[in-house]
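This is what each chain is made of:
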Amino acid sequence: PLSCTATVAPHITHGKLHTMGLVEDFEAAAEEAKTLPNNTSNEDKLALYGLFKQANFGDNETSKPGMFDMTGKAKWEAWNKNKGMSKDDAMTKYIELVDSLKAKYA
């Protein structure tokens, strides 16, 4: 008889165990994010930036930019907002955000 259950084989990426497909889905979402229209809000762009950095580098350990570097400060805060989130969770949230922004700006 045919089995209705599917198993997903885990694989190792950067020394960590990942469910097959998450990294690939994240990379595909990152490419799709580049196609978002120019009228994507700064708030949405910063949310994407923060999740992207968290997914790739983990917690923000850099020093906060000075008050005259408004762009750098906004990006730093967007990344720092995700402190403590696992890289896998950040990838998942990034993918979900890209999907919702594609619908929002379609």
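The text that follows walks through the structure, step by step, so that each part is easy to find. This is a predicted model, so every value here is computed, not measured.

Further remarks concern the nonpolar core. Counting residues in hydrophobic clusters, the biggest one holds 19 residues, and the most contacted among them are Leu48 and Tyr94. Dropping the residues within four chain positions of it, Leu48 is found in contact with Ala33, Leu36, Tyr94, Leu97, Val98 and Leu101.

When two helices pack together, you describe them by how their axes are tilted relative to each other and by the distance separating the axes. At a closest axis distance of 8 Å, the pairing of helix H2 (residues 42-57) and helix H4 (residues 87-104) adopts a crossing angle of 155°. In terms of orientation, H2 and H4 fall into the roughly antiparallel class. Both H2 and H4 take part in a crossing whose hand is left-handed. Packed against H2, whose contacting residues are Asp44, Ala47, Leu48, Leu51, Phe52, Gln54, Ala55, Asn56 and Phe57, the element H4 presents Lys87, Ala90, Met91, Lys93, Tyr94, Leu97, Val98, Leu101 and Lys104 at the interface. Its residues placed into classes, the contact of H2 with H4 shows twelve nonpolar, two polar and four charged.

Axis separation between helix H1 (residues 22-33) and H4 bottoms out at 9 Å; the angle between their running directions is 40°. Considered as vectors, H1 and H4 are oriented oblique to each other. For the pair H1 and H4, the sense of crossing is left-handed. Across the interface between the two elements, Leu22, Val23, Asp25, Phe26, Ala29, Ala30, Glu32 and Ala33 of H1 pack against Asp88, Met91, Thr92, Tyr94, Ile95, Val98, Asp99 and Lys102 of H4. Tallied by class, residues from the contact of H1 with H4 come to ten nonpolar, one polar and five charged.

What counts as what
- Residues numbered from 1 in each chain as written.
- Predicted model: local features only at pLDDT ≥ 70, side-chain atom pairs only at ≥ 80, totals over all residues.
- Heavy atoms only, no water.
- Core = buried A, V, L, I, M, F, W, Y, C linked by side-chain atoms within 4.5 Å.
- Buried < 20%, exposed > 50% of the residue type's maximum accessible area, 1.4 Å probe, protein only.
- Contact = heavy atoms within 4.5 Å.
- Axes fitted to C-alpha atoms, helices over the stretch in contact; angles between N-to-C directions.
- Helix = DSSP H or I, 4+ residues; strand = E, 2+ residues; numbered from the N terminus.
- Parallel < 35°, antiparallel > 145°, perpendicular 65-115°, else oblique.
- Left-handed = near helix turned anticlockwise from the far one by under 90°.
- Nonpolar A, V, L, I, M, F, W, Y, C, P; charged D, E, K, R; others polar.

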